[in-house]
Amino acid sequence: MNTPILSCKNISKSFGATKAVSELSFDLYQGDILSILGPSGCGKTTLLRIIAGLEEPTAGNITLLNNTIYNGNINIPPNKRNVGMIFQDYALFSHLNVKDNISFGISQLKSKDQKEIVNNCLEITRLKGQETKYPHQLSGGQQQRVALARTLATSPSLILMDEPFSNLDTQLRLELRNQVYDILRQTNTTTIFVTHDRDEAFVLSDKIGVMLDGEILQIDSPDKVYFWPNNKDVGLITGNCSFIKGRIQNGTAITSIGNLPLREEYKYNKNDEIEVLVRPNDLLMTVAQDGDCEVIKKEFRGDETLFWVKIPSGEIIPCKHKKYTTLFEGLKVNLNADQHVKFNAFK
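The following paragraphs examine the structure supplied in this document. Everything quoted here is computed from the prediction, not taken from an experiment.

### So, the sheet that holds strand β9 (residues 207-212)
Next, step 1: As summarised here, the arrangement of the 6 strands in space is β6-β7-β8-β3-β9-β10, forming an open sheet in which the pairing is mixed. Each of the sheet's edge strands pairs with one partner strand only, and the pair in question is β6 (83-86) and β10 (215-220). Here the strands of the sheet are splayed against their neighbours by 20° on average, with no regard to which way each runs.
Next, step 2: Relative to β10, β9 runs antiparallel, the two sharing 5 bridges. Residue pairing across strands places Val210 opposite Gln218, the latter belonging to β10.
Next, step 3: Lying over the sheet, helix α4 (residues 140-153) contacts β6 and β7 (158-162), oriented at roughly 170° with respect to β6.

### Notes on the pairing of strand β5 (residues 67-70)
Next, step 1: Judged from the 3 bridges that link them, strand β4 (residues 59-64) and β5 form a sheet pairing that is antiparallel. Residue Thr63 lies in a different strand from β5, and its bridge partner there is Thr68.
Next, step 2: Between the antiparallel neighbours β4 and β5 lie 2 residues, among them Leu65 with a positive phi of about 50°.

### Examining the pairing of strand β17 (residues 305-310)
Next, step 1: Relative to β17, strand β16 (residues 293-300) runs antiparallel, the two sharing 6 bridges. Residue Lys298 lies in a different strand from β17, and its bridge partner there is Phe307.
Next, step 2: The turn linking β16 back onto β17 is made up of 4 residues, and Gly302 within it adopts a positive phi angle of 85°.
Next, step 3: When β17 meets strand β18 (residues 316-320), the two strands line up antiparallel, connected through 5 bridges. Counterpart to Lys310 in the pairing with β18 is Ile316.

### What about the pattern of salt bridges?
Next, step 1: Tallied over the full model, the rule gives 13 salt bridges.
Next, step 2: A salt bridge links Glu55 to Arg49; the shortest N-O distance between them is 3.4 Å.
Next, step 3: With a closest N to O distance of 3.4 Å, Lys297 and Glu299 form a salt bridge.
Next, step 4: A relative accessible area of 21% means that Glu299 is categorised as partly exposed.

### Section: unusual backbone geometry
Next, step 1: For Asn66, which is not glycine, the phi torsion reads 70° and is therefore positive.
Next, step 2: With respect to the secondary-structure elements, Asn66 resides in the loop between β4 and β5.
Next, step 3: Non-glycine residue Asp213 carries a positive phi angle of around 50°.
Next, step 4: Structurally, Asp213 can be placed in the loop between β9 and β10.
Next, step 5: Residue classification places Asp213 among the exposed positions, given a relative accessible area of 59%.

### Description of the packing of aromatic side chains
Next, step 1: A full pass over the atoms with the stated rule returns 5 aromatic pairs.
Next, step 2: Ring centres of Phe202 and Tyr226 lie 5.9 Å apart, and the angle between their planes is 85°; on these two criteria the pair is classed as edge-to-face. Taken together, the positions of Phe202 in helix α6 (residues 198-204) and Tyr226 in helix α7 (residues 222-227) put the pair 24 residues apart, joining distant regions of the chain.
Next, step 3: A relative accessible area of 24% means that Phe202 is categorised as partly exposed.
Next, step 4: Of the residues examined, Tyr226 reaches a relative accessible area of 24% and is grouped as partly exposed.
Next, step 5: Taking 6.5 Å as the distance between ring centres and 65° as the angle between the ring planes, the aromatic pair formed by Phe243 and Phe346 counts as edge-to-face.

### Observations concerning the sheet that holds β5
Next, step 1: An order of β2-β1-β4-β5 is seen for the 4 strands of this open sheet, with the pairing classed as antiparallel. Each edge of the sheet is formed by a strand with only one pairing partner; in this case those strands are β2 (18-28) and β5. Between one strand axis and the next, the sheet turns through 25° on average, direction left out of account.
Next, step 2: Strands in contact with helix α1 (residues 44-52) are β1 (6-15), β2, β4 and β5; relative to β2, the strand with the most contacts, it is inclined by about 60°.

### What to know about α4
Next, step 1: The terminal C-alpha atoms of α4, which comprises 14 residues, lie 20 Å apart, in line with the 20 Å expected from a rise of 1.5 Å per residue.
Next, step 2: A large share of α4 lies buried, amounting to 13 of its 14 residues.

The rules behind each value
- Sequence order as written defines the numbering, with residues in each chain counted from 1.
- It should be noted that, the model being predicted, local features are given only for residues of pLDDT at least 70 and side-chain atom pairs only at 80 or more, the latter also being counted only at that level, while totals for whole chains, interfaces and linings use all residues.
- With hydrogens and water stripped out, all remaining heavy atoms of the structure feed into the side-chain values.
- Strand pairing is assigned whenever DSSP identifies at least 2 bridges connecting the two strands.
- Comment: elements are numbered from the N terminus, with helices defined as DSSP H or I runs of at least four residues and strands as E runs of at least two.
- Lines fitted to the C-alpha atoms define the axes, with helices restricted to the stretch that makes contact. Angles between their N-to-C directions range from 0 to 180 degrees.
- Contacts are assigned to residue pairs with any non-hydrogen atoms lying within 4.5 Å of each other.
- Each reported salt bridge corresponds to a side-chain nitrogen of Lys or Arg within 4 Å of a carboxyl oxygen of Asp or Glu.
- Each residue's exposure class comes from its accessible area (1.4 Å probe, protein chains only) as a fraction of the maximum for that residue type: buried when under 20%, exposed when over 50%, partly exposed otherwise.
- Think of it this way: a Phe, Tyr or Trp ring, Trp meaning its six-membered ring, pairs with another when their centres are within 6.5 Å, and the plane angle makes it stacked under 30 degrees, edge-to-face over 60, tilted otherwise.
- Here the expected length of a helix is defined as 1.5 Å per residue gap, with one fewer gap than residues.

Here's what the structure looks like:
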């Protein structure tokens, strides 16, 4: 098996009585892109700063390219770790032009080598022709690419990106994250993103680490954390969902809207009380005068419409259907499981 580029074992960090990071362990391999996804204050940035060497953990062990960069006795300083970090505000030098910003970290190299590296980074990041411009003359997207080019110029073993697109408007953010993804794939750069944007995490990542209250609840591929969440918190963080109460009978969840087939029916015993995770696309909505569910709210979102439906048990769940954009509040409907969907349930 390949040796991990980065290995974190039992990393913890406390600030007084507050535990910001709690016994986190994971490995990253060459070219892996990992997103740490979670709400504000869950410890994402603290974890990134620990790996970069900007924050000292309370406990744990970190190795990079099989060399220890932190344990109880060793703490390699940030400038010796060969880790690149890109911040939310890009941290460009305002008095240096694009070319000089990119070459800042390789100033010790021969002029010929610097020029070759800078030209290569300009090409990769699509900044050719912008060499003599200063940061204030660039768009937010261009500034972000300069920050990435400057980091790539030093040939880091690992790049850390802290909410890299949060300062950009929606359209530019979409364009830039696709460009950054292409650049990281082209250079086969091992990368950790910190983000609270689940769409961003799904698009960019090979793996997603779902984090809450200092703990990584699950590390898996994007489809695994979405379709096979370990617990209710992972389900909530990775997508819009609701929970319907039910009980187990013959491996099926019996609920107020009918029987819902389960992904892992073997996990449950007869008459277990459970909560079934339901995504907006999981249920089919049919208009019926004698329907036992009622549309109580409608949200038009352009290419889709979200309906909030009250079910017989009194629970209210979101359902997403393009077909029924003309439905209105107060309408009676029936809900049935899509035949292709199996559900996750939690005790």
